[in-house]
Amino acid sequence: MSYLIPSEFVTKMVDAGESKIFMATRDALIRAYMAGAILAIAAVFAVTVSVQTGSPILGAALFPVGFCILYLMGFDLLTGVFVLTPLALFDRRLGVTGGAILKHWGIIFLGNFLGALTVAFLMAIVFTYGFSVPPNDVGQVIAHIGEDRTLGYKEYGAAGMLTIFIRAVLCNWMVSLGVVGAMISTSVSGKVIAMWMPVMLFFAMGFEHSIVNMFLFPSALIMGGNFSVMDYLIWNEIPVVLGNLVGGISLTGLTLYTTHLRTGPKRSFN
C-alpha cells in the first residue's frame, strides 16, 4: 500500500493547502462544482440503498464511494480546504494570507453549493417524473430528513443549536481524516481504504456535513418539505459550516501539524 509516515504526509498537506490558495478561480470553481455534485449523487445512492434494503448501516457503508471518487479525481470539498489551507498560513508560506484563504473558501463554498443544487434539481425530476407525480419513496425520505434536521433542532432552541454544532464538529473530524487518508498512500487501493473508514463512520453516526446538506435540504424544499429557506440556513447550514470549520482545523489539521511537523523539543533526562 506504500504507506507514508506522518511527517511525510503532513508536509504534503501543507503543500496541498498552499497550491489550492493560488489555484486559478476558474479551476477552483469547476473542481468544487464537481465535488458537490458527486457527493450529492453519493447521498442519493446511500438513501436509496437504505430505503430499498431497510438497512441504514448498509447505506452508510456504501456512501464513501462518492467521496473516494471525487478525491481521486482531484476535486475539492469545503470541508477539506478548511483543513489544508490554514496549514499553509501557519507554516508561513510565502504570499499566503488570511484574506486569500477566505477568498478561496468562498469560491469552494459557491462551487460545492451549485454542484449539489444541480443534482437536487435533477434528482427531483427523477423522483417525481418531471414533477408530474408526488415524490417516490426515496424522495419522501429526503424531504423528511430536511424537516427533521431543521425543525427538529429548532424545537430545542439553544440546546438544538449546540447539538447541531457539535455534530458538525464531529463530522469534519472524521471527514478531514478521510481527506488526509488520500495522502497517506501512493496506491489507489491504499487511498480508498484510508478514505473509506472515517467517512463511513460520520455518515452512519448521523453527523452534519455542510456539502451533503447542500443537496439534502434544497432537494427537500423542491419536493415540498415543510420548512423554510431561513429554517435551512439558520438551523442547519450556517452552524454546520462553522462546526465543520472548527472540527477540521482543531481536531485534524492542527493536531497533525503540531505533533508531526512542528514538533516540540525532545525531552532531556540529564
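Please read all numbers here as calculations on a predicted model, not as lab measurements.

Calculation notes
Residues numbered from 1 in each chain as written. Predicted model: local features only at pLDDT ≥ 70, side-chain atom pairs only at ≥ 80, totals over all residues. Heavy atoms only, no water. Helix = DSSP H or I, 4+ residues; strand = E, 2+ residues; numbered from the N terminus. Expected span 1.5 Å × (residues − 1). Salt bridge = Lys/Arg side-chain N within 4 Å of Asp/Glu carboxyl O. Buried < 20%, exposed > 50% of the residue type's maximum accessible area, 1.4 Å probe, protein only. UniProt positions renumbered as here; feature names shortened; annotations may be inferred.

Draft legend 1. Quick peek at helix α6 (residues 98–128). Given a rise of 1.5 Å per residue, 31 residues ought to cover 45 Å, and the 45 Å separating the end C-alpha atoms of α6 matches this to within 8%. Of the residues trailing α6, Y129 is marked for its positive phi of about 50°.

Draft legend 2. Representation of the pattern of salt bridges in the model. Going through the model one piece at a time under the given rule, you end up with 8 salt bridges. Among the salt bridges present, the one from E18 reaches R93, with a minimum N-O distance of 2.6 Å. Separated by 75 residues along the polypeptide, E18 in helix α1 (residues 6–21) and R93 in the loop between α5 (78–90) and α6 bring together distant segments of the chain. For E18, a relative accessible area of 21% gives the class partly exposed.

Draft legend 3. Spatial organisation of unusual backbone geometry. Residues other than glycine seldom take positive phi values, yet Y129 does so here, at roughly 50°. Tracing the backbone through its elements, the reader meets Y129 in the loop between α6 and α7 (137–148). On the basis of relative accessible area, Y129 is assigned to the exposed category, the value being 69%. Non-glycine residue F131 carries a positive phi angle of around 65°. Mapped onto the secondary structure, F131 falls in the loop between α6 and α7. The class for F131 is partly exposed, based on a relative accessible area of 48%.

Draft legend 4. View of the UniProt feature "transmembrane region" (unreviewed entry) in the chain. In the numbering used here, UniProt assigns the feature "transmembrane region" (unreviewed entry) to residues 28–51, 57–84, 105–131, 164–184, 196–218 and 238–257. Structurally, residues 28–51 is divided into 100% helix and 0% strand, and its ends, taken at the C-alpha atoms, are 35 Å apart. Here residues 57–84 is 79% helix and 0% strand, with 30 Å between the C-alpha atoms at its ends.

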